[in-house]
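# Residue-level structure breakdown
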Protein chains: 2
Amino acid sequence: MRNSNREWVFAQRPDGEPDMDSFELREGDVPEPRHGELLVRVRYLSVDPYMRGRMRDAESYAEPWDIGDPMAGAVVGEVVESESDAYEAGDLVTGNGTWADYSVLDAESVAPVDPSVADLPAYLGVLGMPGRTAYFGLLEVGEPKPGDTVVVSGAAGAVGSVVGQIAKLNGCRVVGFAGTDEKVEWLTDDLGFDAAINYKQVEDYRTALDDAARSGVDVYFDNVGGPITDAVFTKLNLDARVAVCGQIAHYNDESVPTGPRKLPQLISVRAKVQGLLVGDYATRFEAASEQLGEWVVSGEISHRESVVDGLENAPDAFLGLFSGDNIGKQVVAVSDPSTTN
Amino acid sequence: MRNSNREWVFAQRPDGEPDMDSFELREGDVPEPRHGELLVRVRYLSVDPYMRGRMRDAESYAEPWDIGDPMAGAVVGEVVESESDAYEAGDLVTGNGTWADYSVLDAESVAPVDPSVADLPAYLGVLGMPGRTAYFGLLEVGEPKPGDTVVVSGAAGAVGSVVGQIAKLNGCRVVGFAGTDEKVEWLTDDLGFDAAINYKQVEDYRTALDDAARSGVDVYFDNVGGPITDAVFTKLNLDARVAVCGQIAHYNDESVPTGPRKLPQLISVRAKVQGLLVGDYATRFEAASEQLGEWVVSGEISHRESVVDGLENAPDAFLGLFSGDNIGKQVVAVSDPSTTN
């Protein structure tokens, strides 16, 4: 075990698009777990768009970070010291930690990780919070029915890629929006999307949808917002459902963004638009994880992670989310499993 | 019975705000009912904001009118000739007719009118489509719970005034937006609203809501759209419900209106926003009408109609909806009941 610990802290609130000034890497002692806690050597950490919200000094669903707070998020790692009867040194776990070499996790909030089901990074994606978000968001808010056309924005992201595949398992026609040809090919060739639109290459999203979603849109799973969403709203069918999961196009906006008003459109089609936060389904996480694990093992759901190497590159990995650098789930590899703890 | 019949027809599609050019009064023969139809002498006709949508040459929930079509809408009148076993001459009925002295109604689509329950104009308001819209929209989409704060825009209109009172009967705190002091007084003094805001007199809707809806907004029943709606959205509570019933502020817009994007706000509060059309609840109209009738007879729901006299003034009554001339339901008195049919 190393004698010192590196940890990223939140250094400055960004104004608009965040940059490296928001992060500071500090070196200190390896923390000591107290009763009920685990000291975990972090193998992989998760960077997620929602973290941008915690950088704001404004009330939201996730507590805002104070300057100097450690950058926090989901991690996968190996227990090196346990102050809990539930886990022992050597166990692989996932839970809420920090962007650090070593992080202290509450034993009650972690879940065991089974590398025979999937590689560790998958526990931050399809088998983690993003997978559960896709699961509950699509099934509970989107309410897909066989034959429905489901449109997903941010379709090649950690959540969107799982949404589309669950929709396919439910007998839907699935159309995804993504930002590179490589992503589009992954969606259609590997994940079974019926169509995917490279939104950076098409001139008009509505025209593209006319082709890809000829019979209109029954379910829209929105991770993005902005002009893609504006276009999809014009294609909503009677009784359509819109699950508002993310609005990454707007997370860096400095003032309230404006756009076409959507409420007038909702009346004629009686569409339902609902915000979604996976934490609301916490009592059912276990069942969801079990189902997602089965789909992963059976190959019914494919997954992919983009791995950035090195704790020192964690802010870059985070910033890359806003330019769409990731295919599938973006994670950071912190320590090589072959090194000694 | 008169020998001739006056009837308003749709003369020209309006560009933006409609004016008299859209209407033409034609004189012709009194129509003859066919099998299953009733010839009705129209006593009162209804003018409603949704009719603006039918003036557009665009697909919507209500069939667009063609130029030369009769202006159609709900009427209350007396059967003067019946080709149906269900009704006979002298019966008072309500149903879908035309802006005319005499109108032919499908007997299967009309309902009897009982003047002992309420005066005839009420059958176009609280006991007609607007009342049922309020009933289903609030109860099915708004899902009010005791203690909820319910905000209603267009609160002194035909729908809004009933929404607020049903919300009170469900144990809610009710706040209304209206456009004159007289309306505000009616809402608070006669209808039991807890607060009402004259939106033409306050500088900032959000500040006004800070006072009137201190604990935030659980249910928003929107008849209006525009800046009032923008303000209410910033005050939505966790799991809030928004029933989008009307958007009268935008019905005359010539291009797609823009405004603050609302989807980002929905995530943190997981609010549900849903468009609403009363026709979706047609199988339950009878039960709703019965309940509304009981509330009217018991005095638990008050109602008011603004009556414009004379068929020749029907277009004026319709145009007045967009400047908020009406308090409660706007109707047009077509024939005096004391005159001979």
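Residues numbered from 1 in each chain as written. Chains lettered and ligands numbered in written order. Predicted model: local features only at pLDDT ≥ 70, side-chain atom pairs only at ≥ 80, totals over all residues. Heavy atoms only, no water.

In the annotation of an unreviewed UniProt entry, the entry for chain A reads NADP-dependent oxidoreductase, and the organism field reads Halapricum hydrolyticum.

It is worth spelling out the UniProt feature "domain: Enoyl reductase (ER)" (unreviewed entry) in chain A at this point. Sequence positions flagged by UniProt for "domain: Enoyl reductase (ER)" (unreviewed entry) are, in local numbering, residues 18-332 of chain A. Spanning residues 18-332 of chain A, this segment combines 26% helix with 28% strand, and its end C-alpha atoms are found 18 Å apart. (UniProt positions renumbered as here; feature names shortened; annotations may be inferred. Helix = DSSP H or I, 4+ residues; strand = E, 2+ residues; numbered from the N terminus.)

Take the interface of chain B and chain A next. Residue-level contacts link 35 residues of chain B with 35 residues of chain A. Both faces considered, chain B and chain A share a buried interface measuring about 2,800 Å² in area, 63% of it formed by carbon and sulfur atoms. Per-residue buried area on chain B facing chain A is highest for Arg 261, Ile 267 and Arg 270 of chain B; these three make up 29% of the total on that side. Inspection of the chain B/chain A interface yields 4 salt bridges. The closest approach of N and O atoms between Asp 230 of chain A and Arg 261 of chain B, which form a salt bridge, is 2.8 Å. (Contact = heavy atoms within 4.5 Å. Buried area = accessible area lost by both parts, 1.4 Å probe. Salt bridge = Lys/Arg side-chain N within 4 Å of Asp/Glu carboxyl O.)

With that out of the way, let us pick up helix α2 (residues 129-142) of chain B. Residue and element names in this part refer to chain B. Of all 14 residues in α2, 11 are buried, a share of seventy percent or more. Within the sequence span of α2, burial applies to Pro 130, Gly 131, Arg 132, Thr 133, Ala 134, Tyr 135, Phe 136, Gly 137, Leu 138, Val 141 and Gly 142. Of the residues trailing α2, Glu 143 is marked for its positive phi of about 45 degrees. (Buried < 20%, exposed > 50% of the residue type's maximum accessible area, 1.4 Å probe, protein only.)

What follows concerns the relation of the copies chain B and chain A. Superposing chain B onto chain A requires a rotation of 180 degrees together with a translation of 0.0 Å along the rotation axis, leaving an RMSD of 0.0 Å. In symmetry terms, the pair is related by a two-fold rotation axis. For chain B, the minimum C-alpha distance to the rotation axis belongs to Val 273 of chain B and amounts to 2.5 Å. In this assembly, 100% of the residues forming the interface of chain B have copies in chain A that are likewise at the interface, indicating an isologous arrangement. (Least-squares fit on C-alpha atoms with pLDDT ≥ 70 in both.)

Moving on: a negative patch on the surface. Residues Asp 29, Glu 32, Glu 81 and Glu 83 of chain A make up a contiguous surface patch of negative charge. Note on placement: Asp 29 of chain A falls in strand β2 (residues 23-29). (Patch = residues over 30% accessible without salt bridge, like charges linked within 9 Å, V, L, I, M, F, W, Y side chains within 5 Å. Areas by Shrake-Rupley, 256 points an atom, 1.4 Å probe, with all protein chains shown as cover. Lys, Arg positive; Asp, Glu negative; His and termini not counted. Charge placed at Lys NZ, Arg CZ, Asp CG, Glu CD.)

Despite not being glycine, Asp 239 of chain A has its phi angle at roughly 60 degrees, a positive value. On the secondary structure map, Asp 239 of chain A appears in strand β12 (residues 236-244). The exposure class assigned to Asp 239 of chain A is partly exposed, which follows from its relative accessible area of 42%. Positive phi, normally seen in glycine, also occurs at Arg 270 of chain B, with a value near 50 degrees. Looking at the secondary structure, you find Arg 270 of chain B in the loop between α7 (263-269) and β14 (272-275). Residue classification places Arg 270 of chain B among the buried residues on the basis of a relative accessible area of 10%.

In total, this model carries 32 salt bridges over all chains according to the counting rule given. Across the pair Asp 148 of chain A and Lys 145 of chain A runs a salt bridge whose closest N-O atoms are separated by 4.0 Å. The buried category is assigned to Asp 148 of chain A, whose relative accessible area is 8%. Among the salt bridges present, the one from Lys 272 of chain B reaches Glu 143 of chain B, with a minimum N-O distance of 2.8 Å. Of this pair, Lys 272 of chain B sits in strand β14 while Glu 143 of chain B sits in the loop between α2 and β8 (149-152), placing them 129 residues apart in sequence. What makes Lys 272 of chain B buried here is its relative accessible area of 10%. By sharing partners, the salt bridges in this structure join Arg 6, Asp 101 and Glu 312 of chain A into a single network.

Another point: the domain arrangement of chain A. All names here are of chain A. Each assigned domain of chain A is listed with its residue range as follows: domain 1 (4-125 + 303-333) and domain 2 (129-279). The C-alpha-based centres of domain 1 and domain 2 are spaced at 28 Å. Each side of the interface is counted separately: domain 1 has 22 residues, and domain 2 has 17 residues. Across the domain 1/domain 2 interface, buried area totals approximately 1,600 Å², and carbon plus sulfur atoms make up 57% of it. (Domains from an automatic or database assignment.)

So, about the sheet that holds β14 of chain B. Ordered by their spatial adjacency, 12 strands build an open sheet running β10(A)-β9(A)-β8(A)-β11(A)-β12(A)-β14(A)-β14(B)-β12(B)-β11(B)-β8(B)-β9(B)-β10(B), and the pairing between neighbours is mixed. The open sheet has two edge strands with one neighbour each: β10 (195-198) of chain A together with β10 (195-198) of chain B. Each adjacent strand pair in this sheet contributes to an overall mean axis angle of 15 degrees, direction not counted. One ladder, built from 5 bridges, connects strand β11 (residues 217-222) of chain B with strand β12 (residues 236-244) of chain B; its direction is parallel. The residue bridging Asp 222 of chain B from the neighbouring strand is Val 244 of chain B, located in β12 of chain B. Its contacts with the sheet place helix α6 (residues 226-233) of chain B against β8, β9 (173-178), β11, β12 and β14 of chain B, and it is angled at close to 165 degrees to β11 of chain B. (Pairing = 2+ DSSP bridges. Axes fitted to C-alpha atoms, helices over the stretch in contact; angles between N-to-C directions.)

So, on to helix α4 (residues 181-190) of chain B. The periodicity of an α-helix, 3.6 residues per turn, causes residues three or four places apart in sequence to face the same way. Residues and elements named next belong to chain B. Among all positions in α4, only Lys 183, Val 184, Trp 186 and Leu 187 are buried. The buried side chains of α4 occupy one side of the element, clustering within an arc of 160 degrees when seen end-on. Of the residues one or two after α4, Gly 192 is the one with positive phi, at around 85 degrees. (Arc of directions from axis to C-beta.)

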